[in-house]
Amino acid sequence: MDIKKIKTKIKAYIPKTIKTYFVSRNSKFLQGISKQQRGLEIGPSHSPIAPKREGYCVETVDHLSAEELKEHYKNDGVNLKAIEPVDYIWKGGSYYQLIQKEGYYDYIIASHMIEHSTDFCGFLKDCSKMLTKNGILRLAVPDKRYCFDHYRTTTGLAEIVNNVYKPANLQLVGDVAEYYMNVVMRKGSISWDKPFLPLFRYTARRRDKDFSFVHDCHTALAGMRRAEKGEYIDIHHYVFTPASFELLIYDLRLLEMIDLKIVHMWDTCGNEFIVTLQKTEEKLEWNPQYRQQLLRMRDKQNRV
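Residues numbered from 1 in each chain as written. Predicted model: local features only at pLDDT ≥ 70, side-chain atom pairs only at ≥ 80, totals over all residues. Heavy atoms only, no water.

Quick question: what am I supposed to make of the overall build of the protein here?
Within the protein, the secondary structure is distributed over 12 helices and nine strands. Counting only residues that meet the buried cut, the protein has 43% of its 304 residues in that class. Here the analysis covers contacts within the protein between residues at least 6 apart in sequence; of these, 75% occur between residues at least 24 apart. Carbon and sulfur atoms make up 52% of the accessible area of the protein, which totals about 16,900 Å². (Helix = DSSP H or I, 4+ residues; strand = E, 2+ residues; numbered from the N terminus. Buried < 20%, exposed > 50% of the residue type's maximum accessible area, 1.4 Å probe, protein only. Contact = heavy atoms within 4.5 Å. Areas by Shrake-Rupley, 256 points an atom, 1.4 Å probe, with all protein chains shown as cover.)

So this is what it looks like as structure tokens:
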């Protein structure tokens with residue numbers, strides 16, 4: 001009997017959630033990436049995924065220099081030795097304009113940063129421009145069902161498109177108000193793990209008494225006044241579930257606004273999902289049945 005065929009059949013019956021759970025986060029991020037490839041890591045901070053010290057041919061971009069990051073985190077109990085030299089310091093605006101390397105990187109990786117952007121489409125276009133022909137963009141994205149975005153509405157196509165035609169480098173007052181009024185904690189924590197098995201997910205359904213607001217209306221008013229004065233407020237501008245993210249990418253490709261396609265998406269583990277996008281010249285054909293399927297899945301995941 002062929003052992004390989006038996007193993008393949010066994011794997012086929014293992015639920016995707018279990019497969020996801022037993023693969024380490026770094027393994028998901030570094031899948032298909034070699035140390036010889038040229039990479040860019042956006043926002044590694046004190047926890048780089050592809051460290052230079054381990055031999056990865058990678059450049060980094062962050063909002064502070066290495067020295068400033070160490071000063072910033074010196075009292076936070078993190079491993080300051082893990083902070084590596086920063087090649088590009090980002091102060092807002094286009095990543096491509098900052099780095100100015102077209103078709104250069106084999107991969108770009110970023111963890112929990114796209115939700116902070118104010119131009120989702122612009123960020124994807126910047127990354128695409130910097131990637132080689134078949135380069136990949138790998139992102140870790142918070143799943144709103146398992147973090148403080150729990151009660152917030154997932155970002156829709158209108159906002160993404162409007163951000164392209166009316167760009168704003170700072171969060172708008174309304175965005176700040178909506179964020180402060182709706183973010184929550186669950187049992188005192190701002191993020192929590194997705195239940196491991198479907199049975200536990202059923203028994204751990206949302207109970208309103210488990211949740212409490214992180215801020216009150218006074219904090220929201222103060223944040224609105226700061227935003228009105230032009231101060232940058234660090235919030236989750238965009239809100240996603242895996243299905244809502246997939247639908248947005250599909251729609252943006254149909255509308256010829258991006259040239260990246262999803263080639264793999266790890267199911268949510270903990271409070272995040274990891275998605276791989278690849279540069280492509282393929283054109284999508286309108287498929288109403290498939291789009292309806294994505295819409296139904298998005299609405300199902302929105303019912304928290």
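So much for the structure itself; the text now carries on.
Help me understand the nonpolar core, please; the structure alone is not making it clear to me.
Most often, soluble globular proteins have nonpolar side chains that are buried together. Ile-42, Phe-120, Phe-123, Leu-137 and Leu-139 are the most contacted members of the largest nonpolar core, which totals 36 residues. Taken together, the elements giving at least two residues each to this core come down to strand S1 (39-42), helix H5 (95-99), strand S4 (105-111), helix H6 (120-130), strand S5 (131-142), helix H7 (157-165), helix H11 (242-254) and strand S9 (272-279). Element by element, the count of residues in this core is highest for H6, at six residues. Ignoring sequence-local partners within four residues, the contact set of Leu-137 consists of Ile-108, Phe-123, Leu-124, Cys-127, Leu-131, Leu-260, Val-275, Thr-276 and Leu-277. Core analysis: the second largest hydrophobic core is formed by 13 residues, Ile-33, Ile-49, Tyr-107 and Ile-136 among them. (Core = buried A, V, L, I, M, F, W, Y, C linked by side-chain atoms within 4.5 Å.)

How should I be thinking about the packing of aromatic side chains in this particular structure?
Throughout the structure, instances matching the rule amount to 14 aromatic pairs. Seen in terms of ring centroids, Phe-120 and Tyr-238 are 5.8 Å apart; in terms of plane orientation they differ by 75 degrees. Their pairing is edge-to-face. In this pair, Phe-120 is assigned in helix H6 and Tyr-238 in the loop between helix H10 (217-228) and H11, connecting sequence segments 118 residues apart. A relative accessible area of 1% means that Tyr-238 is categorised as buried. Through successive ring pairs, a cluster of aromatic residues spans Phe-120, Tyr-238, Phe-240, Phe-245 and Phe-273. Between Lys-35 and the ring centre of Tyr-56, over which it is positioned, the NZ or CZ distance is 5.5 Å. (Phe/Tyr/Trp six-rings, centres within 6.5 Å; stacked < 30°, edge-to-face > 60°. Lys NZ or Arg CZ within 6 Å of the ring centre and 35° of its normal.)

Would you mind going over the sheet that holds S9 with me for this structure?
Neighbouring strands of a sheet are bound in pairs by backbone hydrogen bonds; such pairs are parallel or else antiparallel. Spatially, seven strands are ordered S3-S2-S1-S4-S5-S9-S8 in an open sheet, and the strand pairing comes out mixed. If you trace the sheet from one side to the other, it starts and ends with strand S3 (88-89) and strand S8 (260-265), each paired once. Here H11 sits on the sheet in contact with S5, S8 and S9, set at roughly 155 degrees to S8. (Pairing = 2+ DSSP bridges. Axes fitted to C-alpha atoms, helices over the stretch in contact; angles between N-to-C directions.)

Whenever I open this one, the pairing of S1 confuses me. Can you help?
On a regular strand, one side chain projects to one face of the sheet and the next to the other, so that they alternate. Neither face of S1 is left uncovered, since the one carrying Gly-39 and Glu-41 and the one carrying Leu-40 and Ile-42 both have all their residues buried. Judged from the four bridges that link them, S1 and S4 form a sheet pairing that is parallel. Looking at S4, one finds that Glu-41 is bridged to Ile-109.

Could you clarify how one ought to interpret the pattern of salt bridges in this entry?
Should their charged atoms come close, side chains of opposite charge can pair. For the coordinates displayed, the defined rule picks out 13 salt bridges. Among the salt bridges present, the one from Asp-299 reaches Arg-298, with a minimum N-O distance of 3.1 Å. By relative accessible area, which is 33% here, Asp-299 ends up partly exposed. Residues joined by salt bridges that share partners form a network here, namely Asp-149, Arg-152 and Glu-178. (Salt bridge = Lys/Arg side-chain N within 4 Å of Asp/Glu carboxyl O.)

Would you mind showing me how to read the packing of helix H8 (residues 173-182) against H10 here?
The relative placement of two packed helices is expressed as an angle between their axes plus a distance between the axes. Close contact between H8 and H10 brings their axes to 9 Å; oriented N to C, the two are set at 160 degrees. Overall, the two elements H8 and H10 adopt an arrangement that is roughly antiparallel. At the point where H8 passes H10, the crossing takes the right-handed sense. Across from Val-173, Val-176, Ala-177, Tyr-180 and Met-181 in H8, the residues of H10 making contact are Cys-217, Thr-219, Ala-220, Gly-223, Met-224, Arg-226, Ala-227 and Glu-228. Partitioning the contact of H8 with H10 into residue classes produces nine nonpolar, two polar and two charged. (Parallel < 35°, antiparallel > 145°, perpendicular 65-115°, else oblique. Left-handed = near helix turned anticlockwise from the far one by under 90°. Nonpolar A, V, L, I, M, F, W, Y, C, P; charged D, E, K, R; others polar.)

Sorry if this is basic, but what is going on with the side chain of Asp-210 here?
Summarising the element assignment, Asp-210 is placed in the loop between helix H9 (198-203) and strand S7 (211-213). If we ignore the near neighbours within four places in the chain, the residues touching Asp-210 are Met-185, Arg-186 and Lys-187.

What exactly am I supposed to notice about the pairing of S9 here?
Most of S9 sits inside the fold, with seven of its eight residues counted as buried. As judged from the seven bridges shared by S5 and S9, these two strands associate in the antiparallel manner. Across the sheet, Ile-136 pairs through a bridge with Gln-278, a residue of S9. Summarising the sheet, S8 and S9 pair through five bridges and their orientation is antiparallel.

Nothing here speaks to function; it is geometry throughout.
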